[in-house]
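Here are the chains, one letter per residue:
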Amino acid sequence: MKHLLKLLDCSSEEIVNLLDMADQLKYENKHNIPHRHLEGKSLGLIFEKLSTRTRVSFETGMYQLGGRAMFLSRRDMQTHRGEPMEDTARTLSRYLDGIMLRTYEQEKLERLADCSSVPVISGMTDFAHPCQVLADLMTIRETYAQLEGLKLCYIGDGDNMCNSLIVGGLKTGMEVAVACPKAYRPHPMVLDFAEHQVAEGAKFLLTDDVMEASKDADVVITDAWVSMGKESEAEERHIAFQGYQVNRDVMENAKTGAMVQHCLPAYRGQEITAEIFEEHADEIFEEAENRLHAQKAVLLALLGKKKI
Ligand code: CP
């Protein structure tokens, strides 16, 4: 693995190795076992969109690994005045040991990686959110001690989270069922991938019926109806996503005791009811914590001596 740009680029084995490493790093963190494997290393964090979890978990993760992270906001960078991403990549590669980018277009992230001589990590694009989904898979595996054979149900926008959950879920042997409105389906490249997986025996369902997707699910996942950058579409999205909500009916239709995951921030009363959110808050905030451990695993795999 040279970069982490999307889970489509990772093998199943690489994903499982990252999850194993994340479990180990979480154990070491909880037991105050030093793990400063990135002493002297530095990571640039470029944010072209807002963030709470991604920024703080990457900064803290680098600190705990003995390195340092540098926050680089869009407002402060010459890219904001038109400097090409290619030149930014070649310049930052001379100073840093790794670059994380949160931006809109996946293509921009891929261009950064193409021109960078140091590892590049996705902090989320409109296409994918690989670090978040590694944390989700880690949290689900902590609860059920396995991923293979579990049913993952995603309800809502066929967005970056949906794309990455389909890929991550299928690559780790989960059954994946997605309920979304017809106009908000996952990316065609992801649907092609799912189709190939189905041909090899995987279970995947894409429907606009929330009850069909959530039937007997082990884990139910949702995301905001209005993602960052889609604010101008808020009104039409609020209409389109009516009914695509994780609520009591959905959870009663899922398996008894099913988990709920949400990447946050959550909009209560929209994609999830306040009642269901609070009932599953421990799982959801464990998922948020696991961003830290999963990303430390990614950092070690890409910037450390032990490659996976
Ligand atoms: N889930 C997630 O990526 O959170 P932030 O937008 O706060 O980083």
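Scroll up for the structure.
Every value quoted in this text rests on a predicted model; they were computed, and no experiment measured them.

What to know about the overall build of the protein chain
Link 1 in the chain: In terms of helices and strands, the protein chain carries 12 helices and nine strands.
Link 2 in the chain: Against the 2.2 N^0.38 benchmark of 19 Å for 308 residues, the protein chain shows a C-alpha radius of gyration of 19 Å, consistent with a compact globule.
Link 3 in the chain: Along the first, second and third principal axes, the C-alpha set of the protein chain runs to 55 × 45 × 40 Å.
Link 4 in the chain: Buried residues in the protein chain amount to 56% of all 308 residues.

Notes on the sheet that holds strand β1 (residues 42-47)
Link 1 in the chain: Taken together, four strands build an open sheet; the order of strands is β2-β1-β3-β4 and the sheet is parallel. Looking at which strands have only one partner, the edges of the open sheet turn out to be β2 (68-73) and β4 (120-122). The average undirected angle you get between the axes of adjacent strands in this sheet is 20°.
Link 2 in the chain: In this sheet, β2 lies alongside β1 in parallel orientation, the contact comprising six bridges. Along β2, the bridge assignment pairs Gly-44 with Met-70.
Link 3 in the chain: Strands in contact with helix α2 (residues 53-64) are β1, β2, β3 (98-102) and β4; relative to β1, the strand with the most contacts, it is inclined by about 175°.
Link 4 in the chain: Contacts from helix α4 (residues 106-115) reach β3 and β4, with the element oriented near 165° to β4.

Digging into the nonpolar core
Link 1 in the chain: By size, the foremost hydrophobic cluster in this structure holds 57 residues, and its most contacted members are Leu-134 and Leu-299.
Link 2 in the chain: Sorting elements by how many residues they give to this core places helix α12 (residues 281-303) first, with eight residues.
Link 3 in the chain: Excluding anything up to four places from it in sequence, Leu-299 contacts Leu-38, Leu-43, Phe-58, Met-62, Leu-65, Ile-121 and Gly-304.
Link 4 in the chain: One finds Ala-179, Ala-213, Trp-225 and Met-251 within the second-largest nonpolar core, a separate group that totals 26 residues.

Thoughts on unusual backbone geometry
Link 1 in the chain: Residue Pro-265 follows Leu-264 across a cis peptide bond; omega there is 0°.
Link 2 in the chain: Note that Pro-265 resides in the loop between β9 (259-262) and α11 (274-279).
Link 3 in the chain: A positive phi angle, near 50°, is found at Asn-32, a position not held by glycine.
Link 4 in the chain: Within the element layout of this structure, Asn-32 appears in the loop between α1 (12-30) and β1.
Link 5 in the chain: Under the relative-accessibility criterion, Asn-32 is labelled exposed at 70%.

Some words on the sheet that holds strand β5 (residues 151-155)
Link 1 in the chain: The strand order across the open sheet built from five strands is β7-β6-β5-β8-β9, with neighbouring strands paired in parallel fashion. The strands lining the two open edges of the sheet, one partner per strand, are β7 (204-207) and β9. Along the sheet, successive strands turn relative to each other by an average axial angle of 15°, direction set aside.
Link 2 in the chain: Pairing analysis gives four bridges linking β5 to strand β8 (residues 219-222), with the strands arranged parallel. Following the sheet pairing, Tyr-154 is matched in β8 by Ile-221.

Here is what the cut-offs are and how they apply
- Residues numbered from 1 in each chain as written.
- Predicted model: local features only at pLDDT ≥ 70, side-chain atom pairs only at ≥ 80, totals over all residues.
- Heavy atoms only, no water.
- Helix = DSSP H or I, 4+ residues; strand = E, 2+ residues; numbered from the N terminus.
- Rg over C-alpha atoms; globule rule 2.2 N^0.38 Å.
- Buried < 20%, exposed > 50% of the residue type's maximum accessible area, 1.4 Å probe, protein only.
- Pairing = 2+ DSSP bridges.
- Axes fitted to C-alpha atoms, helices over the stretch in contact; angles between N-to-C directions.
- Contact = heavy atoms within 4.5 Å.
- Core = buried A, V, L, I, M, F, W, Y, C linked by side-chain atoms within 4.5 Å.

In short, the description is geometric, and any link to function would need to be established separately.
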